Amino acid sequence: MSLKLYFGPGACSFVPHAMLQLSGAEFEPEMVKLHKNEQGGEAFLAINPRAQVPVLVHDGMVLDQLVAILLYLDDLLPDAGILPGSGPARTKALQTLMWMNNTVHPTFTHIFMPFKYTDNEAAQAELRRFNTRLFQQRLTEIDALCAALPDAGWLSGDKPGALDAYALTFMRWGSIAKIDPTQFKSLWALANRFYDLPALKPVLERERLQLNLMVA
Ligand SMILES: N[C@@H](CCC(=O)N[C@@H](CS)C(=O)NCC(=O)O)C(=O)O
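No experiment lies behind these values; they were computed from the predicted model shown. (Residues numbered from 1 in each chain as written. Predicted model: local features only at pLDDT ≥ 70, side-chain atom pairs only at ≥ 80, totals over all residues.)

A.B. asks: Just checking my understanding: could you explain unusual backbone geometry for this structure?
C.D. replies: Trans is the prevailing form of peptide bonds, just as negative phi is the prevailing case for residues other than glycine. With an omega of 0°, the peptide bond running from Val 53 to Pro 54 counts as cis. Inspection of the secondary structure assignment puts Pro 54 in the loop between α2 (42-45) and β3 (55-58). Its identity is not glycine, yet Ala 51 carries a phi of approximately 60°, on the positive side. Structurally, the position occupied by Ala 51 is in the loop between α2 and β3. Overall, Ala 51 belongs to the partly exposed group, with 16 C-beta atoms counted inside 10 Å. We note that Asp 59 has phi near 45°; this positive angle belongs to a residue other than glycine. Mapped onto the secondary structure, Asp 59 falls in the loop between β3 and β4 (61-64). (Helix = DSSP H or I, 4+ residues; strand = E, 2+ residues; numbered from the N terminus. Buried ≥ 20, exposed ≤ 12 C-beta atoms within 10 Å, placed from the backbone.)

Given below as structure tokens:
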């Protein structure tokens, strides 16, 4: 079996990157430098014409879209704990995953890449302002989900999984937008527990990830 993941440091691709690493599966991580626009270069466009990470390549099959990749990996690696296995716990986790992907994630894109939505500079500034406030609300909502967990519990169930990695990612992104991550006490605690998982270390080193970008 050959598994390859194209990831951008600090991007949403952290979620499958972390899941693959924690699963213990053999995979080839391939870095795409988003800040150098490598996703728009000829070599990467030949792999994903949508010019985005993450991209998973498994035995020649090329897959983009975070949720599709996570569901695929969850099938392939059922013991990895990416999502709860079945029943209402799985359905609720999927509900949260879809919301994170179709609502929280694009809210941040409006802050970080407003030029994707308008070429008017004043409108871009307004998108940044409005969506920063909205993103603060989304993080508050995720913080409440974390606060409702039992002690040392995970959003994804018994094991640290996809929802936890995505929550950590959003919290980090918030700090790029100067939203202090330490104000979200339960989310901050969960993200730190995830960050401190010994098996995650290679991913943190590859991506050079810091949890709070407000403290340089
Ligand atoms: N809908 C896509 C969104 C992926 C996405 O937004 N990827 C970002 C990184 S978080 C990216 O590649 N950005 C570079 C760009 O759009 O130029 C998914 O769920 O996979």
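Still to come is the rest of the account.
A.B. asks: Which parts of the structure should I look at to understand the packing of helix α5 (residues 121-147) against helix α6 (residues 162-176)?
C.D. replies: For any two helices packed against each other, the geometry is given by the interaxial angle and the distance between the axes. At a closest axis distance of 11 Å, the pairing of α5 and α6 adopts a crossing angle of 145°. As for how α5 packs across α6, the hand of that crossing is left-handed. For the pair α5 and α6, the contacting residues are Phe 135, Leu 139 and Ile 142 in the first and Ala 167, Phe 170, Met 171 and Gly 174 in the second. For the contact of α5 with α6, the per-class residue count stands at six nonpolar, one polar and no charged. (Axes fitted to C-alpha atoms, helices over the stretch in contact; angles between N-to-C directions. Left-handed = near helix turned anticlockwise from the far one by under 90°. Contact = placed C-beta atoms within 7 Å. Nonpolar A, V, L, I, M, F, W, Y, C, P; charged D, E, K, R; others polar.)

A.B. asks: What is the right way to look at the nonpolar core in this model?
C.D. replies: Across soluble globular proteins, nonpolar side chains have a tendency to be buried as a group. Counting residues in each nonpolar core, the largest one holds 49 residues, and the members touching the most others are Val 15, Met 19, Ala 162, Ala 165, Ala 167, Phe 170 and Leu 187. When residues of this core are traced back to their parent elements, those giving at least two are β1 (3-7), α1 (14-23), β3, α3 (66-76), α4 (87-112), α5, α6 and α7 (185-195). The element contributing the most residues to this core is α6, with nine residues. When residues of this core are assigned to domains, at least three fall in each of domain 1 (3-76) and domain 2 (87-197). Not counting the four nearest positions on each side in its chain, Phe 170 is found in contact with Val 104, Phe 108, Leu 139 and Ile 142. (Core = buried A, V, L, I, M, F, W, Y, C linked by C-beta atoms within 7 Å. Domains from an automatic or database assignment.)

A.B. asks: What should I look at first to understand the domain arrangement of the protein in this one?
C.D. replies: Interfaces are often described in size by the accessible area the parts lose on coming together. The domain architecture assigned to the protein consists of domain 1 (3-76) and domain 2 (87-197). Between the C-alpha centres of domain 1 and domain 2 there is a distance of 20 Å. Contact with domain 1, which involves ten residues of that partner, is made by eleven residues of domain 2. Taken together, the elements giving at least two residues each to the side of domain 1 that touches domain 2 come down to α1 and α3. A per-element tally of the side of domain 1 that touches domain 2 places α1 first, with five residues. Partitioned by chemical class, the residues of the side of domain 1 that touches domain 2 number nine nonpolar, one polar and no charged.

A.B. asks: Would you explain the pairing of β3 in this entry?
C.D. replies: By the bridge criterion, four bridges tie β1 to β3 in an arrangement that is antiparallel. The residue of β3 that forms the bridge with Leu 3 is His 58. In the sheet, β3 pairs with β4 via four bridges, with the strands oriented antiparallel. When the sheet's bridge partners are listed, His 58 is paired in β4 with Met 61. In textbook terms, the turn of a hairpin is the stretch between consecutive antiparallel strands, and for β3 and β4 this stretch comprises two residues, one of which, Asp 59, has a positive phi near 45°. (Pairing = 2+ DSSP bridges.)

A.B. asks: Would you take a moment to explain the pairing of strand β2 (residues 28-31) for this structure?
C.D. replies: Where a strand is regular, its side chains alternate between the two sheet faces. Two strands pair when backbone bridges link them, and β1 and β2 are joined in this way by four bridges, in the parallel orientation. Along β2, the bridge assignment pairs Lys 4 with Glu 28. Regarding topology, α1 serves as the crossover connection from β1 to the parallel β2, and that connection is right-handed. (Right-handed = clockwise from strand over helix to strand, strands pointing away.)

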